[in-house]
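Spelled out from the first residue to the last, the chains are:
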Amino acid sequence: MFAEFKHTMRRLRGQMIGWGIGLALYVVLMVSFYSSVARMGNLYEELLKFYPKEMMGFFSSIREINTPQGYLDIYYFNYMTVILGIFVVGACASLLVGDEEKGVLDLVMAHPVSRTALFWGRLLGFVTATAVILLVSWLSWVIPSGRSGLELTWIKFLQPFLPLFAELLLFGTVALLLSMVLPSGRMAGMTTGGLLIANYLLIGLANINQDLKPIVKYTPLHYYQGGYAVSGLKWGWLAGLLAVSAIFAVLAWWRFQRRDIRVGGEGGWRLPALPFRRRAGAGREA
Amino acid sequence: MSEKVALMTQGLMKSYGKVRALRGVDLEVQRGEIFGYLGPNGAGKTTTIRCLLDLIRPDGGTVRVLGIDPQADPVAVRARTGYLPGELALDSNMTVEGALRYFNTLRGNKADWGFVHQLVERLQLDLKPHIKNLSHGNKQKVGVVQALMHRPELLLLDEPTLGLDPLMQHEVYHLLREARADGATVFFSSHIISEVETLAERVAIIRQGVIVEEAEPSQLVSMAIRRVWVRFKEAVDPTSLTEVEGVTLLSKSNNIAVHLQVEGEMDGLIKALAAFPVSDFEIERPSLEEIFLAYYESNDKEED
């Protein structure tokens, strides 16, 4: 398991460096702007009166932009589920299936490594890589904050990262599970990415249309605190997100235990046969 | 299962949706032998090998590899096995050495790195380049090295010389014979008949997911249809020859020479010829390739 963990970390090191440095630069820039934004408190309130209500639905925290939690939410945590979601969905959808589709997994699995060790070794590698990216972001908020008036302790800064981490794990494990049941990793990535964006839009729209509220509570992003976790973590929500992620991970592992490892030409399954597809494939036997 | 048996399948079946890849494969390979698994593309060779390693799960039948059920304990089977896939794919961003070290890590660093260097030298492989910069033949060499480097008890090789030049093919044959001499069992698939004829001590021919023949290459040749030219000292009536079981007259030339086809043993024909004044006698010995094709043609006719 450790060999696969190390291998996954080595493979994701480019992603960790790219995302880590990119987000760190962005965060440092945002930290440096905070004191200016905080000073503009009354001006912002005047400005917000002219904002369209649809926009306010998606970025409701803008009303509190001159507070630390509002500022963190609007400039980082509000949309980081989608931004970092691109990384996690891509990484998880191809965590095992990517190698399978390239034919690499065939040889790897011919070595004395169990499917369980391979699965959890790689998943642990992904979880660690995600944690490293978030850790770099967190440090980028914490270290320069003293000089910008963002008067939060390092623990307060850490709090909103936990729900973000849990959401990323949840969507990552969904992508992983779908990669085990859908015909290709790309399809799993696209489906999960679609679900993530749809959820994000639904949350914004529910702030405008109250009829959507009952639906929203069944979606993962409803339980995402964003920057407001600075004021206090909802541990129940966090535990719930982690528990659901664990369930998806176990389901993906269960599926991986039982499925054939595909190689080119050896019949990865297709979408259910539609009438015209069935006709085309009729009588095939080799 | 006897301890002398390296691998055994009974009634092995595997389907991919409607495609029946294996329809009841029965195989038995003894320890220490080089066993050739012959068949054209799509016959079920790769599927059989992948069932042996629990990479795919059979729909029915029994599999034992080195006495172990691969589904019950795949790690134990793989620890004692070296595998070379038919469609070898390696992580293209690794160097040759990086890939070999990674595979060695998966094996708990059990390979003797001195032996790895010997293999690399004999196959004229450079350890430094990235996999993505290697030719197909050089990638295949990496595959051969990783299969052999931990000195496995059983080698499962799917088309082992695919993409190698003739010199390297012969070097691989030498390596496999050396592995066998050290006690390993070699099970390899191929659609190259000359390779099987050169290397294998026993051969199984698979066709559409069923073993149609299993024997030593020389037995296959002796069991096959042969053509016989007989020249007589004087004109004779060859009718009595065609009455021998398995003998068919193909052509005759003024009753002085006959061209016969013999199916099965030669004994009956030779005894019948004793009554004739024979001046010359020639048997066309078929190659394994002709036998292989004969199996396929005869089965096709049966199906028609």
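Residues numbered from 1 in each chain as written. Chains lettered and ligands numbered in written order. Predicted model: local features only at pLDDT ≥ 70, side-chain atom pairs only at ≥ 80, totals over all residues.

(A) Seen up close, the overall build of chain B. On a plain count of helices and strands, chain B comes out with 11 helices and 13 strands. Taken along its principal axes, the extent of the C-alpha atoms in chain B is 75 × 40 × 35 Å. By sequence separation, contacts in chain B at least 24 residues apart represent 69% of the contacts at least 6 residues apart. (Helix = DSSP H or I, 4+ residues; strand = E, 2+ residues; numbered from the N terminus. Contact = placed C-beta atoms within 7 Å.)

(B) Structural context of the overall build of chain A. When helices and strands are counted, chain A shows 13 helices and zero strands. Reading chain A from its N end, one meets helices and strands in the order α-α-α-α-α-α-α-α-α-α-α-α-α. With the principal axes as the frame, chain A shows a C-alpha extent of 75 × 45 × 30 Å. Among the 286 residues that make up chain A, the fraction classed as buried is 41%. (Buried ≥ 20, exposed ≤ 12 C-beta atoms within 10 Å, placed from the backbone.)

(C) Molecular detail of the interface of chain B and chain A. Facing 27 residues of chain B, the contacting portion of chain A comprises 23 residues. Of all the secondary-structure elements, those providing two or more residues to the side of chain B that touches chain A are strand S2 (19-30), helix H2 (74-79) and helix H3 (96-106) of chain B. Here the side of chain B that touches chain A is built from residues that sort into 16 nonpolar, four polar and seven charged. (Nonpolar A, V, L, I, M, F, W, Y, C, P; charged D, E, K, R; others polar.)

(D) Spotlight on helix H6 (residues 166-181) of chain B. Residues and elements named next belong to chain B. The first and last C-alpha atoms of H6 sit 22 Å apart over 16 residues, in line with the 22 Å expected at 1.5 Å per residue. Considered for burial, the residues of H6 that qualify are Met168, Gln169, Val172, Leu175, Leu176 and Ala179. Viewed along the axis of H6, the buried residues span an arc of 120 degrees, placing them on a single side of the element. When the buried face of H6 is taken as reference, the exposed residues oriented beyond 90 degrees from it are Pro166, Leu167, His174, Glu178 and Ala181. In this structure, the buried side of H6 is in contact with strand S3 (34-38), helix H5 (136-148), strand S6 (154-158), strand S7 (185-190) and helix H7 (193-199). (Expected span 1.5 Å × (residues − 1). Arc of directions from axis to C-beta.)

(E) Main features of the sheet that holds strand S5 (residues 81-84) of chain B. All names here are of chain B. Here we have six strands laid out as an open sheet, ordered S5-S6-S7-S3-S8-S9, and mixed in their pairing. The open sheet has two edge strands with one neighbour each: S5 and strand S9 (210-215). Taken pair by pair, the neighbouring strands of this sheet meet at an average axis angle of 15 degrees, ignoring direction. Here four bridges tie S5 to S6, and the two strands are oriented parallel to one another. If you follow Leu84 over to S6, its bridge partner there is Leu157. In this fold helix H1 (residues 45-52) packs onto S3, S6, S7 and strand S8 (202-207), with an angle of close to 145 degrees to the strand it touches most, S6. On the sheet, H5 packs against S5 and S6 and is oriented at approximately 170 degrees with respect to S5. (Pairing = 2+ DSSP bridges. Axes fitted to C-alpha atoms, helices over the stretch in contact; angles between N-to-C directions.)

(F) Main features of the sheet that holds strand S4 (residues 60-65) of chain B. All names here are of chain B. The antiparallel open sheet is built from three strands, whose spatial order is S2-S1-S4. Two strands close off the open sheet at either side, each with one partner strand: S2 and S4. With direction set aside, neighbouring strand axes in the sheet form an average angle of 15 degrees. For strand S1 (residues 5-16) and S4, the ladder comprises five bridges, and the chain directions are antiparallel. Paired with Met13 across the bridge in S4 is Gly60. Strands S1, S2 and S4 of the sheet are contacted by H1, whose axis makes an angle of about 115 degrees with S1.

(G) Representation of unusual backbone geometry. All names here are of chain B. A positive phi angle, near 50 degrees, is found at Leu66, a position not held by glycine. Along the chain, the position of Leu66 falls in the loop between S4 and H2. Residue Arg151 is not a glycine yet carries a positive backbone phi of 50 degrees.

(H) Inspection of the confidence of the model for chain A at higher detail. With 91% of its residues at a pLDDT of 70 or more, chain A has an overall mean of 87. This stretch, residues 280-286 of chain A, has a pLDDT under 50; its non-local contacts, to residues over four places away or in other chains, come to nine contacts. (pLDDT = per-residue confidence, 0-100.)

(I) Looking closely at the environment of Leu175 of chain B. Along the chain, Leu175 of chain B falls in helix H6. Here the alpha-carbon distance between Leu175 of chain B and Arg226 of chain B, two residues 51 residues apart in the chain, equals 34 Å.

(J) Geometry of the nonpolar core. Counting 139 residues, the largest nonpolar core has Val145, Val186 and Phe187 of chain B as its most contacted members. A total of 14 residues in this core trace back to one element, the largest contributor, which is helix H4 (residues 68-93) of chain A. Here Phe187 of chain B is in contact with Leu7, Val29, Phe35, Tyr37, Leu154, Leu155 and Leu156 of chain B, once residues within four sequence places are set aside. Core analysis: the next-biggest nonpolar cluster, separate from the first, contains nine residues, Val228, Leu241, Val262 and Leu273 of chain B among them. (Core = buried A, V, L, I, M, F, W, Y, C linked by C-beta atoms within 7 Å.)

(K) Representation of the environment of Val174 of chain A. Residues and elements named next belong to chain A. Summarising the element assignment, Val174 is placed in helix H9 (residues 161-181). In this structure Val174 comes out as buried when scored by C-beta crowding, with 26 C-beta atoms within 10 Å. Between the C-alpha atoms of Val174 and Trp237, which are 63 residues apart in sequence, the distance is 18 Å. Once residues lying within four places of it in the same chain are set aside, the contact partners of Val174 are Thr192 and Phe248.

(L) Here's a closer look at the packing of H4 of chain A against H9 of chain A. Residues and elements named next belong to chain A. The N-to-C vectors of H4 and H9 enclose an angle of 30 degrees; their axes lie 8 Å apart at closest approach. As H4 runs across H9, the sense of the crossing is right-handed. Judged by residue contacts, Phe77, Met80, Thr81, Leu84, Gly85, Val88, Val89, Cys92 and Ala93 of H4 engage Leu164, Glu167, Leu168, Phe171, Gly172, Thr173, Ala175, Leu176 and Ser179 from H9. A per-class count over the contact of H4 with H9 returns 12 nonpolar, five polar and one charged. (Left-handed = near helix turned anticlockwise from the far one by under 90°.)

(M) Expanded view of the confidence of the model for chain B. All names here are of chain B. With 93% of its residues at a pLDDT of 70 or more, chain B shows a mean pLDDT of 88. Looking across chain B, the model is least confident in helix H11 (residues 288-303), with a mean pLDDT of 64, and most confident in S5, with 96. Here the predicted complex carries an ipTM of 0.80, next to a pTM of 0.82.

(N) Summary view of the pairing of S7 of chain B. Residue and element names in this part refer to chain B. Across the six residues of S7, six count as buried, placing the element largely inside the fold. Burial along S7 is two-sided: Thr185, Phe187 and Ser189 and Val186, Phe188 and Ser190, pointing in opposite directions, are all buried. Here S3 pairs with S7 via five bridges, running parallel. Bridge pairing in S7 links Ile34 to Val186. When S6 meets S7, the two strands line up parallel, connected through five bridges. Its bridge partner being in S7, Leu154 is matched across the sheet by Thr185. Between S6 and its parallel partner S7, the chain crosses via H6, and the hand of that crossover is right-handed. (Right-handed = clockwise from strand over helix to strand, strands pointing away.)

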